[in-house]
Amino acid sequence: MTVARKLRGRVPRTVLLLAALGTVSLVLSAYYLSAGSGRAAPGACGATRSPPPRPAAAPRAEPTVLVLVESRYSALGQDIAATLEASGFRYRAEIAPGKGALPALTTDSANGKYILIIYENILKYVRMDAGSRSLLDRYCAEHGVGIIGFHGARDGRAPSPPGRGLPFSARGDLALSGCGVNPRSPLPRVAKAATLHGAALLPGTAWTVFQVDQSAYQPVVFAEVQTPESPSPPLSEGALHATVIHDRGLLDGVQRVLFGRDLSFWLHKLIFLDAVSFLSGDRLTLSLDRYVLVDIDDIFVGKEGTRMNVQDVEALLETQNLLRAQITNFTFNLGFSGKFYHTGTAEEDAGDDLLLRSAAHFWWFPHMWSHMQPHLFHNESALVEHMALNKKFAIEHGIPTHMGYAVAPHHSGVYPVHSQLYEAWKKVWGIQVTSTEEYPHLKPARHRRGFVHKNIMVLPRQTCGLFTHTIFYQKYPGGPRELDNSIQGGELFFTVLLNPISIFMTHLSNYGNDRLGSYTFVNLANFVQSWTNLRLQTLPPAQLAHKYFELFPEQRDPLWQNPCDDKRHRDIWSKEKTCDRLPKFLVIGPQKTGTTALYLFLAMHPSILSNSPSPKTLEEVQFFNRNNYHRGIDWYMDFFPAPSNATTDLLFEKSANYFHSEEAPRRAASLVPKAKIITILIDPSDRAYSWYQHQRSHEDPAALKFSFYQVISAGPRAPAELRALQKRCLVPGWYASHIERWLVYFPPFQLLIIDGQQLRTDPATVMDEVQKFLGVSRHYNYSEALTFDSHKGFWCQLLEEGKTKCLGKSKGRKYPPMGPDSRAFLSAYYRQHNVELSKLLHRLGQPLPAWLRHELQRVR
């Protein structure tokens, strides 16, 4: 029995539906073409006078969508946001105002903030007061901004009266059947026009249809109304009515697309994406190219009775040929563990042999030899040994070994990263690409991303509802219809639609038994081709990875998460590793404010443990702000001791470059979101001068060549070395800007701002405040532990027998005082920055340090 006949026999309705689409399309096209170019008859889905132009991209509007929702928790609002997010479109959600002021629509320079406006409830727009409505419509007309709105069945079955300037009525609470897309509408781009869903009822009875008697409106999606009991006014049974209409903007210059139902119906979601593309002038649009790679994991692995026999392998080859007619270059990608070759029944062992004889027809990639999880191997050499066995098997049996792609069993070791796996992969297989469904988390799937680690490209992997235990159609979890719904406009369909590149995980057992793998992808390809204009194709994994990072170059840099915050991640993370070796707080700088002194004082506390010194950066790890970040969290945690009491002991690190780093706040919040943050502030003028003197002491050529005043006053045409030094002197002193960046990722209660001058003169009081902020359970008396060293000019640790431990020779240098010209220049330079800092401290309820009060008095 061929695979096509087998699939057709299992679910005849699906195949018959797909076969009927071509005939229905011809009928539908003939209906519209015969309708002419006049006004559509009431209730019909006819053609309009001429296709409206696609809106020109508005150069003064940012490519951001304003979504006006009913509430933060409304289902449709969340669906709109999730669809935009999954498409990679930037949006801002606001509660739709019932009356009164709209959110600000323009910037201070009169540029438009939004390229598109979406109303979850279009009646909020229709019923706006005249002034607000006029303001919004004028903004849309001037900036080329369109409106999308949804009209639910909220007002019963009676037609809604036309809105202000909107000549249509809406009929709600209807049951519909059949569904088609108007081939004369200019909106469909991804959606294929002139198709029909069939005679089946559409889901639900809360449909709204629009009745239009104005040629400025054009139906986009239509359906047949199932006549309700005693309709008033009457409806024609079987007549076509619009569920989506397009206001072409002929009346007021504003184009609108209105939906008579939410996005729970798949065709509405498809048209919604096309409407976003059309109304944004193609600035928010999806490419029509889709790359699909189907991995078949666990080749040779599986229980007796669930594996592939000869007929299944033959069907797999036939399915591959079928799919190549619809997916350019389609080739199944087979992942193998050689240890399990010939461990099935006699029929299944024969299937193994046929797979090997057919090896050249497929692509291949390695799992582990014994299908063990790599994170269980604690040294690289053991991993290398197991991989070498699998490679030896491949060479002996003619399996290609050059694809440069591998998948770890259960995605173990890929993310969270097990560095030994990456190194072993490169040594044995020359791996360039892998994939996982775990980065950053399994769910929601729309958040999955790629990254690059140790020069191996990691791609997001997708599930398709097929697992090792889903092998029989009638026993599919939730029933067979659950699988069919996923294929026909459900989760699987939208995975392909919303992801330019999809790597699907399937298993050996999905291609034996009822061959659900073949069934799923043959029908998925048919459905995609029938309803969309997508161009399906595939590439070998290495080429696919390069394509992925061409499309998403911003994803190359990983964003490490705490493995202990996700149970799935803990299960595939080495038991020898512990999150207790991550810091509980960070001292972030800035440089030359007293951070080293604070580091010494903190290390004196018996319950506070610092990181080990770095060979290159001394006491600073500098993980979150430099390329050290790409070494991974294993490298980072190796700097910290395992605390004897994870509850009471506090680990910390001090890296003064974190303060003004663009990347550090986001990276730190991702890995240690509950960490407390400590920063020290002194007069930014003094900080700049101290940094200049620091660079002179380290024989920086620019600092030795130019005076301090020349450095801080250099113009844009100054030599590059001078401008670089100027930046390091001045930019860290933009205190308010840098603190605000940290507050984007950390709440104010996790931030402590220390007055650096007070730390220098009264460290014991400051350290009492620090202990209270950290919540350290064991109070340490710094008044008895510190003594002032008059020779050094600062406080030192008091040891036994009156000895002291002070900062190194590089601290407390004596240098000439800052010149008055430089002081005056910097006072003016930092004036506005200091004003902003005072506002920020007031907002945070923090006192102003003495130096800041002094500077603000100068402003007055």
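See the structure printed just above.
The present account deals with the structure reproduced in this document. Every value quoted in this text rests on a predicted model; they were computed, and no experiment measured them.

A word on the overall build of the protein chain. Tallying secondary structure elements over the protein chain gives 29 helices and 25 strands in all. Buried residues in the protein chain amount to 57% of all 860 residues. Intrachain contacts of the protein chain at a sequence separation of at least 6 include 76% that bridge at least 24 residues. Roughly 36000 Å² of accessible area belongs to the protein chain as shown, and the carbon and sulfur atoms make up 52% of that amount.

Another aspect to go through is the environment of Leu201. In this fold, Leu201 is placed in the loop between β5 (168–181) and β6 (207–212). Residue classification places Leu201 among the exposed positions, given a relative accessible area of 59%. Distance from Leu201 to Ala175, taken between C-alpha atoms, is 7.4 Å for residues 26 residues apart in sequence. Those residues in contact with Leu201 that sit more than four places away from it in its chain are Leu176, Ser177 and Gln226.

With that settled, the discussion passes to helix α22 (residues 720–730). Residues spaced three or four apart along an α-helix face the same direction, because each turn holds 3.6 residues. Of the positions making up α22, those classed as buried are Leu722, Leu725, Gln726, Cys729 and Leu730. One side of α22 carries all its buried residues, which in axial view fall inside an arc of 120 degrees. Among the exposed residues of α22, those pointing more than 90 degrees away from its buried face are Ala720 and Lys727. Where the residues of α22 are buried, they touch α19 (684–697), α20 (701–705), α21 (708–712) and α27 (820–829).

Moving on, we come to the state of the cysteines. Structurally, a disulfide amounts to a covalent bond that connects the sulfur atoms of two cysteines. Scanning the entire structure with this criterion turns up 2 disulfides. Linked covalently through their sulfurs, Cys564 and Cys579 form a disulfide whose S-S length is 1.9 Å. On the sign convention where negative means left-handed, the S-S torsion of about 95 degrees between Cys564 and Cys579 marks this disulfide as right-handed. Taken together, the residues Cys564 in the loop between α14 (541–551) and α15 (567–571) and Cys579 in the loop between α15 and β18 (585–589) connect sequence positions 15 residues apart.

What follows deals with the sheet that holds strand β23 (residues 786–789). Reading across from one edge, β23-β24-β25 is the order of the 3 strands in this open sheet, with antiparallel pairing throughout. This sheet does not close on itself; its edge strands, each paired only once, are β23 and β25 (804–805). Note that β23 and strand β24 (residues 794–798) share 4 bridges and pair antiparallel. Each bridged residue has a counterpart across the sheet, and for Thr787 the counterpart in β24 is Cys796. Packed on one face of the sheet, helix α16 (residues 595–604) meets β23, β24 and β25 and runs near 20 degrees to β24.

Between helix α7 (residues 310–324) and helix α8 (residues 346–357), whose axes approach to 7 Å, the crossing angle comes to 35 degrees. Across from Val310, Val313, Glu314 and Leu316 in α7, the residues of α8 making contact are Glu347, Ala350, Gly351, Leu354 and Leu355. For the contact of α7 with α8, the class distribution of residues is 6 nonpolar, 1 polar and 2 charged.

Let's shift gears to α19. In this model, α19 (14 residues) spans 20 Å end to end at C-alpha, consistent with the 20 Å of a helix rising 1.5 Å per residue. Most of α19 is tucked away: 11 of the 14 residues are buried. The set of residues buried in α19 consists of Pro684, Ser685, Arg687, Ala688, Tyr689, Ser690, Trp691, Tyr692, Gln693, His694 and Gln695. Measuring from the backbone nitrogen of Ser685 back to the side-chain oxygen at the start of α19 gives 2.9 Å, which picks out Asp683 as the cap. Positive backbone phi, approximately 60 degrees, marks Glu699, located one or two places after α19.

Quick look at the packing of aromatic side chains now. With the rule as written, the count across this model stands at 55 aromatic pairs. Between Phe300 and Phe393, the ring centres sit 5.8 Å apart and the planes meet at 80 degrees, which makes this aromatic pair edge-to-face. One end of the pair, Phe300, is in the loop between β10 (289–299) and α7; the other, Phe393, is in helix α9 (residues 380–396), with 93 residues separating them in the sequence. Of the two residues, Phe300 and Phe393, neither departs from the other in class, the shared state being buried. Ring geometry for Phe585 against Phe652: centres 4.9 Å apart, planes inclined by 5 degrees, an arrangement best described as stacked. A residue pair is termed long-range when its members are at least 10 positions apart, and Phe585 in strand β18 and Phe652 in strand β20 (residues 650–654) qualify at 67 residues. Just as Phe585 is buried, Phe652 falls in that class too. Clustering of aromatic rings is evident, with ring pairs tying together Tyr415, Tyr439, Phe451, Trp560, Phe623, Phe624, Tyr629, Trp635, Tyr636, Phe639, Phe640 and Tyr658. A cation over an aromatic ring shows up here: Arg261 above the ring of Trp207, its NZ or CZ 4.8 Å from the ring centre. A cation sits over an aromatic face here: Arg667 above Tyr629, 4.1 Å from the ring centre.

In terms of nonpolar packing, the biggest core is built from 158 residues, with Ile148, Leu267, Phe272, Phe332, Trp425 and Phe624 touching the most fellow members. Broken down by element, the residue count for this core peaks at 10 residues, all from helix α6 (residues 266–279). In this structure Phe624 touches Leu586, Tyr629, Tyr636, Glu653, Tyr658, Glu663, Ala664, Arg667, Ala668, Leu671 and Val672, once residues within four positions along its chain are discounted. Formed by 31 residues, the second largest nonpolar core is a distinct cluster that contains Leu600, Ile678, Cys796 and Leu807.

Let us now look at the sheet that holds strand β21 (residues 676–681). Consider a sheet: its strands pair through backbone hydrogen bonds, and that pairing is either parallel or antiparallel. One open sheet holds the 5 strands; their spatial order is β19-β20-β18-β21-β22, and the pairing between them is parallel. Taken across any chain shown, the strands that pair with only one partner, and hence form the sheet edges, are β19 (608–610) and β22 (751–755). For this sheet the average axis-to-axis angle between neighbouring strands, irrespective of direction, equals 25 degrees. The pairing of β18 with β21 spans 4 bridges and is classified as parallel.

This next bit is on the pairing of strand β15 (residues 456–463). Most of β15 is tucked away, with 8 of its 8 residues classed as buried. Across 4 bridges, strand β13 (residues 433–436) lies against β15 in parallel orientation. Bridge assignment links Thr434 to a residue of β15, and that residue is Val458. In this antiparallel pair of consecutive strands, strand β14 (residues 451–453) and β15, the connection spans 2 residues, and Lys454 shows a positive phi of 55 degrees. Relative to strand β16 (residues 501–507), β15 runs parallel, the two sharing 3 bridges. Across the sheet, the residue bridging to Arg461 is Ile503, located in β16.

Reading guide: rules and limits
- Residues numbered from 1 in each chain as written.
- Predicted model: local features only at pLDDT ≥ 70, side-chain atom pairs only at ≥ 80, totals over all residues.
- Heavy atoms only, no water.
- Helix = DSSP H or I, 4+ residues; strand = E, 2+ residues; numbered from the N terminus.
- Buried < 20%, exposed > 50% of the residue type's maximum accessible area, 1.4 Å probe, protein only.
- Contact = heavy atoms within 4.5 Å.
- Areas by Shrake-Rupley, 256 points an atom, 1.4 Å probe, with all protein chains shown as cover.
- Arc of directions from axis to C-beta.
- Disulfide = S-S within 2.5 Å.
- Pairing = 2+ DSSP bridges.
- Axes fitted to C-alpha atoms, helices over the stretch in contact; angles between N-to-C directions.
- Nonpolar A, V, L, I, M, F, W, Y, C, P; charged D, E, K, R; others polar.
- Expected span 1.5 Å × (residues − 1).
- Polar contact = N/O pair within 3.5 Å; in protein donor to acceptor, adjacent residues only side chain to side chain.
- Phe/Tyr/Trp six-rings, centres within 6.5 Å; stacked < 30°, edge-to-face > 60°.
- Lys NZ or Arg CZ within 6 Å of the ring centre and 35° of its normal.
- Core = buried A, V, L, I, M, F, W, Y, C linked by side-chain atoms within 4.5 Å.

All we've got here are geometric facts, nothing functional implied.
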